[in-house]
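# Tertiary structure, described
Residues per chain are reported as follows:
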Amino acid sequence: MPALVLLGAQWGDEGKGKATDLLGGSVDYVVRYQGGNNAGHTVVVGDQKYALHLLPSGILSPGCTPVIGNGVVVDPAVLLSELSGLNERGVDTSKLLLSGNAHLITSYHTTIDKVSERFLGKRKIGTTGRGIGPTYADKINRVGIRVQDIFDESILRQKVEAALDFKNQVLAKLYNRRAIAVDEVVEELLGYADKLSGFVCDTTLVLNNAIDEGKVVLFEGGQGTLLDVDHGTYPFVTSSNPTAGGACTGSGVGPTKINRVIGILKAYTTRVGAGPFPTELFDEDGDKLRTIGGERGVTTGRDRRCGWFDAVIARYATRVNGLTDFFLTKLDVLTGWEQIPVCVAYEIDGKRVEELPYSQSDFHHAKPIYEMLPGWSEDISKAKTFAELPKNAQAYVKALEEMSGAPISAIGVGPGRDETIEINSFL
Ligand code: GDP
Ligand code: IMO
Ligand code: MG
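Computed from a predicted model, the values in this text were never measured in an experiment.

## Comments concerning the coordination of the magnesium ion (ligand 3)
Only Asp-13 (OD) and Gly-40 (O) from the protein reach the magnesium ion (ligand 3) as donors, at distances of 2.0 to 2.1 Å. Placement of the pair is Asp-13 in the loop between β1 (3–8) and α1 (16–24) and Gly-40 in the loop between β2 (29–32) and β3 (41–45), with a sequence separation of 27 residues.

Put into C-alpha coordinates, the structure is as follows:
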(Lines give C-alpha, C1' and ligand atoms only; values in the text may rest on other atoms or scores of the structure.)
(Ligands and ions follow the chains in the order given, each with its own letter.)
Protein backbone atom coordinates (compact mmCIF):
# COMPACT_ATOMS: atom_id res chain seq x y z
CA MET A 1 0.00 0.00 0.00
CA PRO A 2 2.53 2.64 -1.04
CA ALA A 3 0.40 5.81 -1.37
CA LEU A 4 -2.79 6.94 0.29
CA VAL A 5 -4.64 10.22 0.58
CA LEU A 6 -6.39 11.34 3.73
CA LEU A 7 -8.74 14.29 3.30
CA GLY A 8 -11.68 16.12 4.81
CA ALA A 9 -15.07 14.93 3.54
CA GLN A 10 -17.05 17.95 4.81
CA TRP A 11 -16.11 21.61 5.51
CA GLY A 12 -12.85 20.98 7.35
CA ASP A 13 -12.05 20.23 11.00
CA GLU A 14 -13.19 16.64 10.68
CA GLY A 15 -10.22 15.35 12.69
CA LYS A 16 -7.65 14.95 9.90
CA GLY A 17 -4.77 15.76 12.26
CA LYS A 18 -5.66 12.96 14.62
CA ALA A 19 -6.18 10.47 11.79
CA THR A 20 -2.86 11.36 10.13
CA ASP A 21 -1.03 11.15 13.42
CA LEU A 22 -2.57 7.76 14.08
CA LEU A 23 -1.18 6.40 10.81
CA GLY A 24 2.06 8.39 11.10
CA GLY A 25 3.80 5.67 13.06
CA SER A 26 3.40 3.24 10.13
CA VAL A 27 4.15 5.50 7.19
CA ASP A 28 7.44 6.79 5.83
CA TYR A 29 6.35 10.18 4.48
CA VAL A 30 3.43 12.49 5.31
CA VAL A 31 2.85 15.16 2.67
CA ARG A 32 0.78 18.35 2.79
CA TYR A 33 -0.30 19.06 -0.80
CA GLN A 34 -2.43 22.24 -0.63
CA GLY A 35 -3.52 25.07 1.60
CA GLY A 36 -1.29 26.73 4.12
CA ASN A 37 -1.54 27.95 7.66
CA ASN A 38 -5.29 28.43 7.28
CA ALA A 39 -5.41 24.80 8.47
CA GLY A 40 -5.56 23.98 12.16
CA HIS A 41 -4.93 20.31 12.91
CA THR A 42 -5.12 19.14 16.51
CA VAL A 43 -3.17 16.13 17.62
CA VAL A 44 -3.41 14.73 21.13
CA VAL A 45 -0.59 12.42 22.20
CA GLY A 46 -0.94 11.24 25.80
CA ASP A 47 -1.36 14.40 27.87
CA GLN A 48 0.21 16.60 25.19
CA LYS A 49 -1.87 18.60 22.72
CA TYR A 50 -0.38 20.01 19.52
CA ALA A 51 -1.99 22.50 17.13
CA LEU A 52 -0.36 22.25 13.70
CA HIS A 53 -1.07 24.76 10.95
CA LEU A 54 1.43 24.31 8.18
CA LEU A 55 3.45 21.25 9.10
CA PRO A 56 2.07 17.83 8.22
CA SER A 57 0.77 15.97 11.27
CA GLY A 58 3.30 13.19 10.58
CA ILE A 59 5.96 15.46 12.11
CA LEU A 60 5.05 14.05 15.52
CA SER A 61 6.00 10.48 14.51
CA PRO A 62 9.78 10.03 14.82
CA GLY A 63 10.15 7.59 11.89
CA CYS A 64 8.17 9.69 9.46
CA THR A 65 9.53 12.31 7.05
CA PRO A 66 7.23 15.35 6.80
CA VAL A 67 6.97 16.98 3.38
CA ILE A 68 5.51 20.33 2.32
CA GLY A 69 4.64 19.83 -1.33
CA ASN A 70 4.64 22.26 -4.24
CA GLY A 71 0.88 22.86 -3.94
CA VAL A 72 1.14 24.38 -0.47
CA VAL A 73 1.43 28.12 0.17
CA VAL A 74 4.06 28.80 2.80
CA ASP A 75 4.30 31.72 5.18
CA PRO A 76 7.99 31.47 6.09
CA ALA A 77 7.61 33.29 9.42
CA VAL A 78 4.83 30.88 10.44
CA LEU A 79 6.86 27.88 9.30
CA LEU A 80 9.88 28.90 11.36
CA SER A 81 7.84 29.68 14.44
CA GLU A 82 5.96 26.38 14.18
CA LEU A 83 9.26 24.53 13.88
CA SER A 84 10.84 26.28 16.85
CA GLY A 85 7.68 25.76 18.94
CA LEU A 86 7.93 22.02 18.30
CA ASN A 87 11.68 21.97 18.93
CA GLU A 88 11.09 23.60 22.32
CA ARG A 89 8.74 20.72 23.13
CA GLY A 90 11.38 18.17 22.17
CA VAL A 91 10.05 17.25 18.71
CA ASP A 92 12.75 16.58 16.12
CA THR A 93 11.87 18.53 12.97
CA SER A 94 15.17 18.11 11.15
CA LYS A 95 13.75 15.70 8.55
CA LEU A 96 11.31 18.22 7.09
CA LEU A 97 11.41 18.56 3.29
CA LEU A 98 10.11 21.68 1.56
CA SER A 99 9.37 21.98 -2.14
CA GLY A 100 11.30 24.75 -3.88
CA ASN A 101 8.20 25.25 -6.05
CA ALA A 102 5.84 26.01 -3.18
CA HIS A 103 4.63 29.61 -3.25
CA LEU A 104 5.38 32.03 -0.45
CA ILE A 105 2.82 34.01 1.49
CA THR A 106 4.32 37.46 2.02
CA SER A 107 3.19 40.33 4.20
CA TYR A 108 1.37 41.92 1.24
CA HIS A 109 -0.72 38.79 0.74
CA THR A 110 -2.01 38.86 4.31
CA THR A 111 -2.65 42.60 4.03
CA ILE A 112 -4.64 42.13 0.82
CA ASP A 113 -6.58 39.20 2.32
CA LYS A 114 -7.71 41.39 5.20
CA VAL A 115 -8.51 44.55 3.24
CA SER A 116 -10.36 42.70 0.50
CA GLU A 117 -12.56 40.94 3.09
CA ARG A 118 -13.34 44.33 4.61
CA PHE A 119 -14.13 45.65 1.13
CA LEU A 120 -16.59 42.80 0.51
CA GLY A 121 -18.59 43.88 3.58
CA LYS A 122 -21.52 41.55 4.18
CA ARG A 123 -20.55 39.47 1.16
CA LYS A 124 -17.27 38.51 2.82
CA ILE A 125 -16.06 34.89 2.79
CA GLY A 126 -14.92 34.86 6.41
CA THR A 127 -11.38 33.86 5.47
CA THR A 128 -8.77 33.05 8.07
CA GLY A 129 -6.92 36.25 7.06
CA ARG A 130 -3.72 34.33 6.48
CA GLY A 131 -3.14 35.52 2.90
CA ILE A 132 -4.15 32.21 1.32
CA GLY A 133 -6.44 33.49 -1.46
CA PRO A 134 -4.17 36.34 -2.63
CA THR A 135 -1.14 34.02 -2.72
CA TYR A 136 -2.92 31.44 -4.88
CA ALA A 137 -4.26 34.28 -7.04
CA ASP A 138 -0.69 35.45 -7.67
CA LYS A 139 0.38 31.88 -8.45
CA ILE A 140 -2.31 31.56 -11.11
CA ASN A 141 -1.60 35.10 -12.34
CA ARG A 142 2.08 34.10 -12.70
CA VAL A 143 3.31 36.82 -10.37
CA GLY A 144 3.89 34.61 -7.34
CA ILE A 145 7.11 34.26 -5.34
CA ARG A 146 8.34 30.70 -4.88
CA VAL A 147 10.52 29.24 -2.14
CA GLN A 148 13.39 28.86 -4.61
CA ASP A 149 13.31 32.59 -5.44
CA ILE A 150 14.70 33.59 -2.05
CA PHE A 151 18.02 31.98 -2.96
CA ASP A 152 18.63 34.39 -5.85
CA GLU A 153 18.44 38.03 -4.86
CA SER A 154 18.25 39.44 -8.36
CA ILE A 155 15.39 37.15 -9.43
CA LEU A 156 13.61 37.77 -6.14
CA ARG A 157 13.81 41.53 -6.57
CA GLN A 158 12.47 41.37 -10.13
CA LYS A 159 9.58 39.18 -9.05
CA VAL A 160 8.65 41.28 -6.04
CA GLU A 161 8.76 44.38 -8.23
CA ALA A 162 6.48 42.75 -10.78
CA ALA A 163 4.07 41.63 -8.06
CA LEU A 164 3.92 44.99 -6.29
CA ASP A 165 3.69 47.13 -9.39
CA PHE A 166 0.00 46.49 -9.79
CA LYS A 167 -0.83 45.75 -6.14
CA ASN A 168 0.51 49.05 -4.88
CA GLN A 169 -1.81 50.88 -7.26
CA VAL A 170 -4.74 48.89 -5.94
CA LEU A 171 -3.70 49.28 -2.30
CA ALA A 172 -3.20 53.04 -2.59
CA LYS A 173 -5.97 54.00 -5.00
CA LEU A 174 -8.72 51.52 -4.16
CA TYR A 175 -8.14 50.57 -0.55
CA ASN A 176 -6.53 53.81 0.60
CA ARG A 177 -3.59 51.98 2.18
CA ARG A 178 0.08 52.86 2.05
CA ALA A 179 2.09 51.32 -0.78
CA ILE A 180 4.42 48.46 0.16
CA ALA A 181 8.15 49.02 -0.40
CA VAL A 182 9.90 46.45 -2.61
CA ASP A 183 13.07 46.69 -0.50
CA GLU A 184 11.27 45.85 2.72
CA VAL A 185 9.75 42.70 1.23
CA VAL A 186 12.97 41.59 -0.46
CA GLU A 187 14.97 42.09 2.71
CA GLU A 188 12.50 40.15 4.81
CA LEU A 189 12.40 37.25 2.38
CA LEU A 190 16.19 37.10 1.97
CA GLY A 191 16.39 36.84 5.75
CA TYR A 192 14.68 33.43 5.57
CA ALA A 193 17.08 31.95 3.03
CA ASP A 194 19.69 30.54 5.43
CA LYS A 195 17.07 29.28 7.85
CA LEU A 196 15.12 27.39 5.17
CA SER A 197 17.82 26.25 2.76
CA GLY A 198 18.50 22.97 4.60
CA PHE A 199 14.88 21.83 4.08
CA VAL A 200 14.46 22.69 0.40
CA CYS A 201 14.66 19.98 -2.26
CA ASP A 202 12.92 18.48 -5.29
CA THR A 203 10.13 16.83 -3.33
CA THR A 204 8.54 15.25 -6.44
CA LEU A 205 11.72 13.26 -7.03
CA VAL A 206 11.97 12.19 -3.40
CA LEU A 207 8.33 11.10 -3.24
CA ASN A 208 8.26 9.22 -6.55
CA ASN A 209 11.47 7.40 -5.66
CA ALA A 210 10.03 6.54 -2.26
CA ILE A 211 6.86 5.10 -3.79
CA ASP A 212 8.89 3.12 -6.35
CA GLU A 213 10.92 1.64 -3.48
CA GLY A 214 7.70 0.49 -1.77
CA LYS A 215 7.81 3.11 0.98
CA VAL A 216 4.46 4.25 2.37
CA VAL A 217 3.48 7.82 1.54
CA LEU A 218 0.46 9.50 3.11
CA PHE A 219 -0.97 12.70 1.62
CA GLU A 220 -2.68 14.83 4.26
CA GLY A 221 -5.30 17.29 3.03
CA GLY A 222 -6.02 20.61 4.66
CA GLN A 223 -9.59 22.00 4.76
CA GLY A 224 -12.24 19.72 3.21
CA THR A 225 -14.16 18.67 0.09
CA LEU A 226 -16.84 21.36 0.38
CA LEU A 227 -14.15 24.06 0.73
CA ASP A 228 -12.51 22.97 -2.56
CA VAL A 229 -12.28 25.82 -5.06
CA ASP A 230 -13.65 23.60 -7.87
CA HIS A 231 -15.95 21.21 -6.04
CA GLY A 232 -16.96 23.13 -2.94
CA THR A 233 -19.59 25.74 -2.16
CA TYR A 234 -17.97 28.41 -4.36
CA PRO A 235 -17.34 31.27 -3.66
CA PHE A 236 -17.47 30.30 0.03
CA VAL A 237 -14.40 28.09 -0.30
CA THR A 238 -10.68 28.17 0.14
CA SER A 239 -8.46 28.87 -2.88
CA SER A 240 -6.99 25.40 -3.41
CA ASN A 241 -7.99 21.79 -4.11
CA PRO A 242 -8.28 19.73 -0.92
CA THR A 243 -10.01 17.00 -2.98
CA ALA A 244 -8.07 13.90 -4.01
CA GLY A 245 -6.88 15.26 -7.35
CA GLY A 246 -5.10 18.03 -5.47
CA ALA A 247 -2.81 15.42 -3.93
CA CYS A 248 -1.41 14.73 -7.41
CA THR A 249 -0.95 18.28 -8.64
CA GLY A 250 0.18 19.45 -5.22
CA SER A 251 2.91 16.85 -4.90
CA GLY A 252 3.94 15.78 -8.41
CA VAL A 253 2.83 12.18 -7.86
CA GLY A 254 0.59 10.74 -10.59
CA PRO A 255 -2.87 9.28 -9.93
CA THR A 256 -1.78 5.79 -10.99
CA LYS A 257 0.42 5.66 -7.90
CA ILE A 258 -2.33 6.35 -5.40
CA ASN A 259 -4.05 3.29 -4.02
CA ARG A 260 -6.43 4.49 -1.39
CA VAL A 261 -8.36 7.66 -0.59
CA ILE A 262 -9.71 8.02 2.95
CA GLY A 263 -12.38 10.59 3.73
CA ILE A 264 -12.41 11.92 7.27
CA LEU A 265 -16.04 12.34 8.24
CA LYS A 266 -17.39 13.85 11.41
CA ALA A 267 -20.43 12.08 12.92
CA TYR A 268 -22.19 15.47 12.65
CA THR A 269 -21.30 18.58 10.58
CA THR A 270 -19.44 21.84 11.27
CA ARG A 271 -18.39 24.83 9.22
CA VAL A 272 -16.34 27.97 9.92
CA GLY A 273 -16.82 31.17 7.93
CA ALA A 274 -19.67 32.15 5.62
CA GLY A 275 -21.62 30.05 3.10
CA PRO A 276 -24.54 27.65 2.82
CA PHE A 277 -24.94 24.83 5.35
CA PRO A 278 -28.29 23.00 5.05
CA THR A 279 -28.23 21.11 8.37
CA GLU A 280 -27.01 24.05 10.46
CA LEU A 281 -28.67 24.27 13.89
CA PHE A 282 -29.50 27.54 15.60
CA ASP A 283 -31.02 25.96 18.69
CA GLU A 284 -29.90 24.21 21.89
CA ASP A 285 -28.80 21.12 19.97
CA GLY A 286 -26.34 23.26 17.99
CA ASP A 287 -24.97 24.76 21.21
CA LYS A 288 -24.71 21.31 22.74
CA LEU A 289 -22.75 19.94 19.77
CA ARG A 290 -20.45 22.98 19.92
CA THR A 291 -19.85 22.60 23.66
CA ILE A 292 -19.46 18.83 23.86
CA GLY A 293 -17.50 18.67 20.60
CA GLY A 294 -15.22 21.59 21.55
CA GLU A 295 -16.10 23.17 18.20
CA ARG A 296 -13.94 26.26 18.24
CA GLY A 297 -11.50 27.03 15.40
CA VAL A 298 -7.88 26.02 16.00
CA THR A 299 -6.57 28.79 13.74
CA THR A 300 -8.85 31.76 14.33
CA GLY A 301 -10.60 30.81 17.59
CA ARG A 302 -14.00 31.38 15.96
CA ASP A 303 -16.97 29.30 17.13
CA ARG A 304 -17.78 26.68 14.53
CA ARG A 305 -21.29 26.53 13.09
CA CYS A 306 -22.74 23.12 14.00
CA GLY A 307 -25.40 20.86 12.49
CA TRP A 308 -26.53 17.26 12.07
CA PHE A 309 -24.85 14.74 9.80
CA ASP A 310 -25.55 15.32 6.12
CA ALA A 311 -25.46 12.14 4.03
CA VAL A 312 -25.91 14.06 0.77
CA ILE A 313 -22.57 15.74 1.37
CA ALA A 314 -20.91 12.48 2.37
CA ARG A 315 -22.11 10.82 -0.86
CA TYR A 316 -20.81 13.78 -2.83
CA ALA A 317 -17.41 13.47 -1.12
CA THR A 318 -17.32 9.80 -2.06
CA ARG A 319 -18.04 10.73 -5.67
CA VAL A 320 -15.65 13.63 -6.27
CA ASN A 321 -12.75 12.05 -4.37
CA GLY A 322 -13.22 8.42 -5.38
CA LEU A 323 -13.16 7.55 -1.68
CA THR A 324 -12.26 3.98 -0.79
CA ASP A 325 -12.91 4.38 2.96
CA PHE A 326 -14.25 6.69 5.61
CA PHE A 327 -12.78 7.42 9.01
CA LEU A 328 -15.78 8.46 11.11
CA THR A 329 -14.74 10.83 13.91
CA LYS A 330 -16.30 12.22 17.08
CA LEU A 331 -18.99 9.55 17.47
CA ASP A 332 -18.56 10.01 21.24
CA VAL A 333 -19.89 13.58 20.97
CA LEU A 334 -23.34 12.22 20.03
CA THR A 335 -23.67 10.20 23.24
CA GLY A 336 -26.70 11.25 25.26
CA TRP A 337 -29.20 12.20 22.55
CA GLU A 338 -32.37 10.15 22.65
CA GLN A 339 -32.79 10.44 18.90
CA ILE A 340 -30.30 11.69 16.34
CA PRO A 341 -31.55 13.31 13.15
CA VAL A 342 -29.58 12.50 9.99
CA CYS A 343 -30.13 14.37 6.73
CA VAL A 344 -30.78 11.77 4.02
CA ALA A 345 -31.86 14.06 1.16
CA TYR A 346 -32.87 17.67 0.51
CA GLU A 347 -36.14 19.26 -0.37
CA ILE A 348 -35.61 21.90 -3.02
CA ASP A 349 -38.61 23.87 -4.30
CA GLY A 350 -40.94 21.10 -3.15
CA LYS A 351 -38.94 18.27 -4.76
CA ARG A 352 -36.90 15.55 -3.02
CA VAL A 353 -33.27 15.64 -4.18
CA GLU A 354 -30.82 12.84 -3.35
CA GLU A 355 -27.60 14.33 -4.73
CA LEU A 356 -25.86 17.62 -4.07
CA PRO A 357 -27.36 20.14 -6.50
CA TYR A 358 -24.79 21.68 -8.80
CA SER A 359 -26.63 25.00 -8.90
CA GLN A 360 -25.64 27.26 -6.02
CA SER A 361 -29.09 28.82 -5.77
CA ASP A 362 -30.64 25.35 -5.39
CA PHE A 363 -28.12 24.54 -2.68
CA HIS A 364 -28.95 27.78 -0.85
CA HIS A 365 -32.64 26.72 -0.86
CA ALA A 366 -31.99 23.12 0.14
CA LYS A 367 -33.95 22.04 3.21
CA PRO A 368 -32.77 18.90 4.95
CA ILE A 369 -35.05 15.85 5.01
CA TYR A 370 -34.26 14.10 8.26
CA GLU A 371 -34.51 10.48 9.32
CA MET A 372 -34.47 9.92 13.09
CA LEU A 373 -32.03 7.32 14.37
CA PRO A 374 -32.19 6.04 17.96
CA GLY A 375 -29.43 7.38 20.23
CA TRP A 376 -27.45 5.82 23.10
CA SER A 377 -26.43 6.98 26.55
CA GLU A 378 -23.51 4.69 27.44
CA ASP A 379 -19.97 6.15 27.49
CA ILE A 380 -18.29 4.85 24.33
CA SER A 381 -14.88 6.47 24.77
CA LYS A 382 -13.27 3.25 26.02
CA ALA A 383 -14.62 1.03 23.23
CA LYS A 384 -11.85 -0.71 21.31
CA THR A 385 -13.93 -2.81 18.92
CA PHE A 386 -17.09 -2.24 16.93
CA ALA A 387 -18.82 -4.98 18.97
CA GLU A 388 -18.17 -3.03 22.19
CA LEU A 389 -20.29 -0.12 20.95
CA PRO A 390 -23.91 0.03 22.13
CA LYS A 391 -26.30 -1.49 19.59
CA ASN A 392 -27.77 1.90 18.65
CA ALA A 393 -24.30 3.38 18.08
CA GLN A 394 -23.48 0.41 15.85
CA ALA A 395 -26.72 0.96 13.94
CA TYR A 396 -25.92 4.70 13.58
CA VAL A 397 -22.52 3.88 12.05
CA LYS A 398 -23.99 1.26 9.75
CA ALA A 399 -26.72 3.64 8.61
CA LEU A 400 -24.17 6.36 7.83
CA GLU A 401 -22.03 3.86 5.93
CA GLU A 402 -24.98 2.74 3.84
CA MET A 403 -25.96 6.32 2.98
CA SER A 404 -22.44 7.59 2.32
CA GLY A 405 -21.24 5.11 -0.28
CA ALA A 406 -17.94 3.83 1.15
CA PRO A 407 -17.01 1.56 4.07
CA ILE A 408 -16.34 3.14 7.46
CA SER A 409 -12.97 1.62 8.31
CA ALA A 410 -12.26 3.43 11.58
CA ILE A 411 -14.25 5.25 14.24
CA GLY A 412 -13.02 7.99 16.56
CA VAL A 413 -14.43 7.83 20.09
CA GLY A 414 -12.19 10.51 21.64
CA PRO A 415 -9.40 12.92 20.69
CA GLY A 416 -6.48 10.69 21.82
CA ARG A 417 -4.44 8.47 19.51
CA ASP A 418 -5.74 5.32 21.21
CA GLU A 419 -9.38 6.43 21.27
CA THR A 420 -10.03 4.82 17.92
CA ILE A 421 -11.85 1.69 16.79
CA GLU A 422 -10.12 0.14 13.80
CA ILE A 423 -12.39 -1.93 11.59
CA ASN A 424 -10.37 -2.40 8.39
CA SER A 425 -6.65 -1.70 8.37
CA PHE A 426 -5.60 1.28 6.22
CA LEU A 427 -2.15 -0.10 5.46
P1 GDP B 1 -8.66 18.89 11.46
O2 GDP B 1 -8.52 20.30 11.04
O3 GDP B 1 -9.45 18.07 10.50
O4 GDP B 1 -7.34 18.26 11.79
O5 GDP B 1 -9.50 18.90 12.81
P6 GDP B 1 -9.33 19.92 14.06
O7 GDP B 1 -8.14 19.54 14.81
O8 GDP B 1 -9.47 21.32 13.59
O9 GDP B 1 -10.66 19.62 14.85
C10 GDP B 1 -10.97 18.33 15.29
C11 GDP B 1 -11.10 18.36 16.82
O12 GDP B 1 -11.70 17.16 17.24
C13 GDP B 1 -9.77 18.41 17.54
O14 GDP B 1 -9.95 19.12 18.74
C15 GDP B 1 -9.44 16.94 17.83
O16 GDP B 1 -8.61 16.76 18.98
C17 GDP B 1 -10.83 16.42 18.10
N18 GDP B 1 -11.06 15.01 17.75
C19 GDP B 1 -10.60 14.30 16.67
N20 GDP B 1 -11.17 13.07 16.65
C21 GDP B 1 -12.00 13.02 17.73
C22 GDP B 1 -12.91 12.02 18.22
O23 GDP B 1 -13.07 10.94 17.67
N24 GDP B 1 -13.63 12.35 19.35
C25 GDP B 1 -13.51 13.56 19.99
N26 GDP B 1 -14.24 13.79 21.07
N27 GDP B 1 -12.67 14.51 19.54
C28 GDP B 1 -11.94 14.25 18.42
P1 IMO C 1 -8.58 22.55 8.50
O2 IMO C 1 -7.42 22.01 7.71
C3 IMO C 1 -12.26 24.92 8.49
C4 IMO C 1 -12.42 28.30 5.69
C5 IMO C 1 -12.44 29.69 6.28
C6 IMO C 1 -13.26 30.42 5.22
C7 IMO C 1 -12.79 29.75 3.91
C8 IMO C 1 -11.73 30.55 3.16
O9 IMO C 1 -8.27 22.84 9.92
O10 IMO C 1 -9.79 21.70 8.31
P11 IMO C 1 -9.15 30.95 3.58
O12 IMO C 1 -8.42 31.61 4.72
O13 IMO C 1 -8.73 29.53 3.36
O14 IMO C 1 -9.11 31.75 2.32
O15 IMO C 1 -10.69 30.94 4.05
O16 IMO C 1 -12.28 28.49 4.29
N17 IMO C 1 -11.28 27.45 6.14
C18 IMO C 1 -11.41 26.44 7.01
N19 IMO C 1 -12.47 26.00 7.70
N20 IMO C 1 -11.07 24.28 8.59
C21 IMO C 1 -10.00 24.70 7.88
O22 IMO C 1 -8.84 24.01 7.85
C23 IMO C 1 -10.13 25.86 7.07
N24 IMO C 1 -9.27 26.53 6.28
C25 IMO C 1 -10.00 27.50 5.70
O26 IMO C 1 -13.06 29.72 7.54
O27 IMO C 1 -14.62 30.11 5.38
MG1 MG D 1 -8.93 22.21 11.72
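## Here we look at the nonpolar core
Residues Phe-219, Leu-289, Leu-331, Leu-334, Leu-389 and Tyr-396 are the most contacted members of the largest nonpolar core, which totals 58 residues. Beyond its immediate sequence surroundings of up to four residues, Phe-219 is in contact with Ala-3, Leu-4, Val-5, Leu-6, Val-31, Tyr-33, Ala-247, Ser-251, Val-253 and Ile-258. By size, the runner-up hydrophobic cluster in this structure holds 39 residues, among which are Ala-102, Tyr-108, Tyr-192 and Ala-193.

## Re the UniProt feature "active site" (unreviewed entry) in the chain
Residues annotated by UniProt as "active site" (unreviewed entry) correspond here to Asp-13, His-41 and Lys-139. A maximum C-alpha distance of 25.9 Å shows the annotated residues, which cover 127 residues in sequence, to be distributed over more than one spot. In the annotated group above, the second largest pocket draws its lining from Asp-13 and His-41. What Asp-13 contacts, discounting residues up to four positions off in sequence, is Gly-40, Lys-266, Thr-270, Val-272 and Arg-304. Looking at the element boundaries, His-41 is found in strand β3. The class for His-41 is buried, based on a relative accessible area of 4%. Once residues within four sequence positions are removed from consideration, His-41 is found in contact with Lys-16, Gly-17, Arg-32, Tyr-50, Ala-51, Leu-52, Ser-57, Glu-220, Gly-221, Gly-222 and Val-298.

## A short note on the sheet that holds strand β19 (residues 408–412)
With mixed pairing, 10 strands are arranged side by side in an open sheet as β9-β7-β5-β2-β10-β1-β11-β15-β19-β20. Edge positions in the open sheet fall to β9 (200–201) and β20 (420–422), since each of these has one partner strand only. Bridging between strand β15 (residues 325–329) and β19 involves three bridges; their strand directions are parallel. Opposite Phe-327, over in β19, you have Ala-410 as the bridge partner. Where helix α13 (residues 391–404) meets the sheet, it contacts β11 (260–266), β15 and β19, and its direction lies at approximately 135° from that of β19.

What counts and how
- Residues numbered from 1 in each chain as written.
- Chains lettered and ligands numbered in written order.
- Predicted model: local features only at pLDDT ≥ 70, side-chain atom pairs only at ≥ 80, totals over all residues.
- Heavy atoms only, no water.
- Donors = N, O, S within 2.8 Å, 3.2 Å for Na, K, Ca; no water.
- Helix = DSSP H or I, 4+ residues; strand = E, 2+ residues; numbered from the N terminus.
- Core = buried A, V, L, I, M, F, W, Y, C linked by side-chain atoms within 4.5 Å.
- Buried < 20%, exposed > 50% of the residue type's maximum accessible area, 1.4 Å probe, protein only.
- Contact = heavy atoms within 4.5 Å.
- UniProt positions renumbered as here; feature names shortened; annotations may be inferred.
- 1 Å grid on protein atoms, 1.4 Å probe; cavity = no way out; pocket = protein on both sides within 12 Å on 5 of 7 lines; lining within 4 Å.
- Pairing = 2+ DSSP bridges.
- Axes fitted to C-alpha atoms, helices over the stretch in contact; angles between N-to-C directions.

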